[in-house]
Structure formats: structure tokens, C-alpha cells
Amino acid sequence: MISVSDLSYGYRDTPILTDITLEIPKGGVTALIGPNGAGKSTLLSLIARLMPLQSGRIMVDELKIGTCASTDLAQRLSILPQVPEIAARLTVAELVAFGRYPYHKGRPGAEDLAQVETAIEVFDLQALAHRSLDTLSGGQRQRALLAMIYAQDTDYMLLDEPLNNLDIAASRALMQLLRQMAETHGRTIVIVLHDINYAAAYADHIVTMKEGHLGPCGAPRDIVTDALLRDVFQTDAKVRRLDGKMLIDV
Amino acid sequence: MHAKRLAFLSLALGVAITGYMVLGARGSWSFILPFRGAKLAALLLVAMSISTATLLFQTIARNRILTPSIMGFDALYVMIVTLAVFFLGSRNFLAIPELVTYLTALAVMVLAALLLFGTLLLQTREDIMRMMLTGVILGALFRSLTSFATRMIDPNEYAVIQVASYARFNQIDTDLLGVSALLCLGALLAAWRIRHRLDVLALGREAAINLGLNPRRAAIEVLILVAVLVAVSTAFVGPIAFLGLLVVSLAHLVTPSGSHAILLPSAALISALTLVGGQTLLDRVLGLSTPLAVVIDFLGGILFLALLLTRMRR
């Protein structure tokens, strides 16, 4: 379980997050949604210790962010940032292999190599394995980065808008894979999504945010309503139900 | 592929070393071999120091154009030595055992490098242009202060620091070879030991944190290593502006790889080949009096401009 308590974060005088207290249950897919500038990426970055905490407390299971050893956390939690920097000259296989670094610290064993192999297969990258990253399209590069996080094999995965650059087939494949990882391997996946349709269709749990505050949280069928779209997103889109599924106007 | 190229580089270096030791030898071998051997050892140390310092710095700065020399590291060392002579006077300066002044200058260098460049590298928002400008301005500041101090002091005292201020390869001061070798090999060993961590750091700040590293601590460790390596090489042969840039760019060309286990030896071999081979060629074969530093800086300077222009266009 990830538990966040009394978390505030600001840049100079501008508050970005105000008094966030939140529990993300272990296992399942939790979607973080909200308008641009709501503080979703900041929250994710703070949980993944990419930025130092200013006030408040974050626990990932028994590990306290800010004091626990970074390398212990790297075996428990992984993050895919929104705009990952990229070392262009690496090949796909080399990049994915870095996912195992927290375990082998530079000396990969047979098990590490097998995990890398699996990650490359899962993300359908075999044909691209020896291409260098700067020769790939945005979507292919995104898949390579996802494969690296997958190879890291952590209980918690934080993904900041992973559907950027992915076409509909790759987006659906990724969401189905995340669901399967959550269901069969008990993984906890926290994912920032822009498209509420994806959140409604694939998440077990939705956390909404607006202007640095938490909005309604709960199962998609309980909280995705016309009122939520109006209050949180300030749009008059309607939620339609079709064959037991929810569809939001676009 | 890389192993074959590294082997080829080692072979070429072996030929260069043999040439350096035996060509144009007049007189008894029992004198020539130890005499040239000490200089050769110094050249090799300098070569490895500069290539390793540059490679480490570029990994931390995530930039292939910046080098410790361009950022003014060696100018900083020359300034420290000059100011020491300026404030102590050459008599006092020379009265202190050479080892003590050397180690003190080294300690001051490490501290100053951490203070000046540490803050620059530890910013979370990377701004290459600002870093580069700050480096160029700091370098100019160090050089101006140095030349100001040299103008103020006694011409006799100036002779003491002149040795440290100009690049030279044929008159190497081998008195401190033992201590320098120890320091330098220690730093090189440390760099080799963190080679896997360097690979991860090269991925960028966020990826490095995700994989469990602390980029801030790593940057400080690397800055200390770079300061020691630059100080040792500057103390031996003076500042050589573009050698690091030249040899690390060549290493990326000859052995294109993201792995420091390959890049570190590759850059060191190319660097040693450039210095020893260049010195043999200029001094022993062509019999030219042109200093090798001029040739290296000429080629390196052209490369620097070329890199700058192609990066700008992209």
C-alpha cells in the first residue's frame, strides 16, 4: 500500500499540492485523472522520490520515502516519467537491460538476462532489439521504455501518461497487459491518464485531482458521472452507458 | 568488435612506446632508459588522467561538448599555484617541501571545484547553455587573475610558476612522479570501479533515481575524481585545452558504446597513443620544435567548432 499523508508541495509561492492524504491500495490499477496542471505528475514524482519532499509523509509498504535506501526502493517501485530523457545512442536491448540494474549492479546473471528477454518479447520489440533508440518512432521508443520498467519487475509501477505516442492498438495492448499484471501477479499500478475512457474501462480505482487538491475517489462506475466531468474537468460532456460499459463524449 | 579494436589500439600504443624509448638514442642505454622511462610514465599518466577526467565529466554533465578544460578546471589549478607564490613569495614557496605544496594545491583544487562546479551540476533543471557560459566566464576569470598576479610579482618568482602555466611535453618534471602516480592510479581505479554506475547515470537523472542511484552524490564523487585527475595532469604538463575533447570524441567514434567498461580503456588508449605517438613523431622522427600541445589544440579546436556547429543545427 502507498500511503500519502499531509503532503504539500509548492514552487516558490505557488502551491502545487495542498494537504494530500491518500491511500493507494495494494494490487490493482489505480488511475490518476484530472485537468492539466492539477498536480498529478508532481504527486507521482514525489512518490517515486524524483523530487525531494517539502512537507508530509509518503510510505510505500514499510519504506519511508526520503529516508529509505534508494536502491531498496528501486526493487519495490518503478516509474516511467512523462517526458523521459533518453540516451539516444543505446540500443533497445541495452536500454531494457538497465531495468535489471537494481538487482545485479552491473553484473547480470542468467536470471536477469532471461527477464530482459521476456520484457522484449512482451512488448513485441524483438525486431527492434538491436536498433538504436534515436532511429525509432515515438511509440516504439515508449514501448522500449515500458519494457525497461517491466524488466525492473517491481511490485509498484508508476506510469505518467504512458499512452502518449501510442496508437490505439498499442494503447489497448498496454492497458490489457497492466490489468493482467495486476490480476495474476498482484502488481500495483498507478497510472496518470488523460483519456477518461481508458480510466473508466481499465482502472479498478480512480483518484481525481484538481488544482492541487484531491477530488472524488472510488470505483469508476461510482464516480464517473456528468457531475464529475463538470466539477473536476469543467466540461459539459455526458457519460453514456452502453452494454454495461461507460463511454464519455469526446 | 570492441575487443578487437581495443587490442589494435594497444598494439599501436606498444609501437609508439617502443619508438619513444629507442628512436634517436645517443649514449649509454643505462642512462637513456630510466631517463626516458620516467618521462614516458608521466606522459601515460597524463594521457589517462585527461581522457578519464573528460569522460567522467561528460557523463555527469550529459554533454559531449563540455570538458573540464573548457569549464576552466586546469585554469583553476594554475591560478591556485600562482596565488600561492604571489602571497607566500617564491622563497617561502620553495622553502616548503614540494610534496606539501603539491598536496595542498590539490586539496584546495578539490574544494574549489566542488564549490564552483558542484552548484552548477546539481541543479535539477539542466541548462547546458548556462553551464557552458558560466564555465567560459569562470575560466576567463581564473586566467585573468593568474595573469594579474604574475604581473605583480617579481620576475624571478614568475619563473617558479611559469613551469605550471604552459603546456609542455618535452620537459616534464618527474620529481613528483611517485606521489602523482599513486594519486592518479587511485583515481583511475575509483573511476573503473564505478563504471557500471556511470552507465546508469548517463541515462539521465530520473532514470538513475528510478534504478536506485543518488545522482547528487554521484556528481560530487565524480567531481572530486575529475579535480584530482586534472590537478595531477596540469602539474605535470600544464594546461592542454582540447586534448580531452579530441580523444573522447575519437573514442566514441572508434568504439561506439554506452558502456564505460569499453569507453574508459578506449579513451585512455587513444589519449596515450596521441601523446606518446605525437611526441615521438614530432620530436624524434620529424625533428620539429613545434610543441605537441599546439598541434593537439589546433586539431581539438577545429573539432570543438565542428561539434558546436553540428549540434546547433540539429
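Residues numbered from 1 in each chain as written. Chains lettered and ligands numbered in written order. Predicted model: local features only at pLDDT ≥ 70, side-chain atom pairs only at ≥ 80, totals over all residues. Heavy atoms only, no water.

## Digging into the packing of helix α1 (residues 2-22) of chain B against helix α2 (residues 29-61) of chain B
Residue and element names in this part refer to chain B. As a reminder, the rule being used: What counts as an axis is a line fitted to C-alpha atoms, over the stretch in contact for a helix, and the angles between N-to-C directions run from 0 to 180 degrees. Secondary structure is summarised from DSSP: a helix means a run of H or I of at least four residues, a strand means a run of E of at least two, and numbering begins at the N terminus for each. Here roughly perpendicular refers to angles of 65 to 115 degrees, roughly parallel to angles under 35, roughly antiparallel to angles over 145, and oblique to all remaining angles. In a left-handed crossing the near helix is turned counterclockwise from the far helix by less than a right angle, and in a right-handed crossing that turn is clockwise. Any two residues having at least one pair of non-hydrogen atoms within 4.5 Å are treated as being in contact. Just so you know the grouping, Ala, Val, Leu, Ile, Met, Phe, Trp, Tyr, Cys and Pro go in nonpolar, Asp, Glu, Lys and Arg go in charged, and all remaining residues, Gly too, go in polar.
At a minimum axis separation of 9 Å, α1 and α2 run at an interaxial angle of 135°. On the basis of the axis angle, α1 is oblique to α2. The element α1 and its partner α2 pack so that their crossing is right-handed. The residues of α2 that touch α1, namely those facing Ile17, Tyr20, Met21 and Val22, are Trp29, Ile32, Leu33, Arg36, Gly37, Lys39, Leu40, Leu43 and Leu44. Partitioning the contact of α1 with α2 into residue classes produces 10 nonpolar, 1 polar and 2 charged.

## Some remarks on the pairing of strand β10 (residues 213-218) of chain A
All names here are of chain A. Cut-off, in case you're wondering: The pairing criterion is simple: DSSP has to find at least two bridges between the two strands.
Relative to β10, strand β9 (residues 205-210) runs antiparallel, the two being bridged by 4 bridges. Counterpart to Ile206 in the pairing with β10 is Gly218. Two successive antiparallel strands, β9 and β10, enclose a turn made up of 2 residues, where Glu211 displays a positive phi of approximately 50°.

## Section: the pattern of salt bridges
Residues and elements named next belong to chain A. Rules: In the sections that follow, a salt bridge refers to a side-chain nitrogen of Lys or Arg positioned within 4 Å of a carboxyl oxygen of Asp or Glu.
A full pass over the atoms with the stated rule returns 11 salt bridges over all chains. Among the salt bridges present, the one from Asp61 reaches Lys26, with a minimum N-O distance of 3.4 Å. Linking Asp61 in the loop between β4 (55-60) and β5 (63-64) with Lys26 in the loop between β2 (14-24) and β3 (28-33), this pair joins segments that are 35 residues apart in sequence. Across the pair Arg179 and Glu183 runs a salt bridge, and its minimum N-O distance is 2.8 Å.

## Focus: the confidence of the model for chain B
Our working rule: Per residue, pLDDT measures the predictor's confidence, with a range of 0 to 100.
On average, residues of chain B score 84 in pLDDT, and 91% of them are at 70 or above. Per-residue pLDDT, averaged within each element of chain B, yields its smallest value for helix α7 (residues 155-165) of chain B (70) and its largest for helix α9 (residues 195-201) of chain B (93).

## Quick look at the environment of Asn214 of chain B
The condition is simple: Categorising residues by exposure relies on relative accessible area from a 1.4 Å probe, with only protein chains included: less than 20% of the type maximum marks a residue as buried, more than 50% marks it as exposed, and the intermediate range marks it as partly exposed.
Inspection of the secondary structure puts Asn214 of chain B in the loop between α10 (205-210) and α11 (215-237). The exposure class of Asn214 of chain B is partly exposed, given its relative accessible area of 40%.

## Digging into the sheet that holds β10 of chain A
Residue and element names in this part refer to chain A. Read from one edge to the other, the open sheet built from 6 strands follows the order β6-β7-β8-β3-β9-β10, with strand pairing classed as mixed. Bordering the open sheet on either side are β6 (77-80) and β10, each of which pairs with just one other strand. Going from strand to strand, the sheet's axes swing by 15° on average, the running direction of each strand aside. Of the pairings in the sheet, the one linking strand β7 (residues 156-160) to strand β8 (residues 188-192) comprises 5 bridges and is parallel in character. Paired with Met157 across the strands is Ile189, a residue of β8. Lying on the sheet, helix α6 (residues 138-152) is in contact with β6 and β7; it crosses β6 at an angle near 175°.

## Structural notes on the interface of chain A and chain B
Heads up, the rule is: By buried area we mean how much accessible surface two parts lose on assembly, using a 1.4 Å probe and totalling the loss over both. Whenever two N or O atoms come within 3.5 Å, that pair is a polar contact, provided that in protein one can donate a hydrogen and the other can accept it, and provided that, for residues adjacent in sequence, both atoms are side-chain atoms.
The interface is formed by 27 residues belonging to chain A together with 20 residues belonging to chain B. Both sides of the chain A and chain B interface together cover about 1,800 Å² of buried area, and 52% of this is carbon and sulfur. Here chain A is connected to chain B by 0 salt bridges. Taken together, the links from chain A to chain B amount to 5 residue pairs in polar contact (both at pLDDT 80 or more). Looking at the side of chain A that touches chain B, the elements with two or more residues in it are α2 (70-74), β6, α4 (101-104) and α6 of chain A.

## As for the nonpolar core
For the record, the criterion: We define a nonpolar core as any set of buried Ala, Val, Leu, Ile, Met, Phe, Trp, Tyr and Cys residues linked to one another through side-chain atoms lying within 4.5 Å.
Ranked by size, the top nonpolar core spans 160 residues in total, and within it Ile189, Ile191 and Leu193 of chain A together with Phe73 and Met109 of chain B carry the most contacts. The contacts of Ile191 of chain A, once residues within four sequence positions are left out, are Val29, Thr30, Ala31, Leu32, Leu159, Pro162, Met175 and Leu178 of chain A. Grouped together as the second largest cluster of nonpolar side chains are 31 residues, Val4, Leu22, Leu73 and Leu77 of chain A included.

## Some points on the environment of Leu201 of chain B
Residues and elements named next belong to chain B. By secondary structure assignment, the location of Leu201 is in helix α9. Given a relative accessible area of 9%, Leu201 falls into the buried group. In this structure the C-alpha to C-alpha distance between Leu201 and Asn63, which are 138 residues apart in sequence, comes to 12 Å. With residues near it in sequence (within four places) discarded, Leu201 still touches Ile60, Arg62, Ala208, Leu213, Pro215 and Ala218.

## Some points on the pairing of β8 of chain A
The two faces of the sheet receive side chains in turn, since in a regular strand these alternate between them. Residues and elements named next belong to chain A. Let me state the cut-off plainly: Orient the strands so they point away from the viewer, and a crossover whose first-strand-to-second-strand path over the helix runs clockwise is right-handed.
Burial of β8 is extensive: 5 of the 5 residues sit out of reach of the surface. Going residue by residue along β8, you find Thr188, Val190 and Val192 tucked away on one face and Ile189 and Ile191 tucked away on the opposite face as well. Looking at chain direction, β3 and β8 are connected through 5 bridges and run parallel. Across the sheet, the residue bridging to Gly28 is Thr188, located in β8. Each parallel crossover has a hand, and the one from β7 via helix α7 (residues 168-185) to β8 is right-handed.

## Regarding the sheet that holds strand β1 (residues 2-11) of chain A
Residue and element names in this part refer to chain A. Here 4 strands make up an open sheet; going across it, the order is β2-β1-β4-β5 and the pairing antiparallel. The sheet terminates laterally at β2 and β5, the two strands that pair on one side only. With 7 bridges connecting them, β1 and β2 associate as antiparallel partners. Looking at β2, one finds that Tyr9 is bridged to Leu17. Packing of helix α1 (residues 40-47) onto the sheet brings it into contact with β1, β2 and β4, and relative to β1 it is tilted by some 120°.

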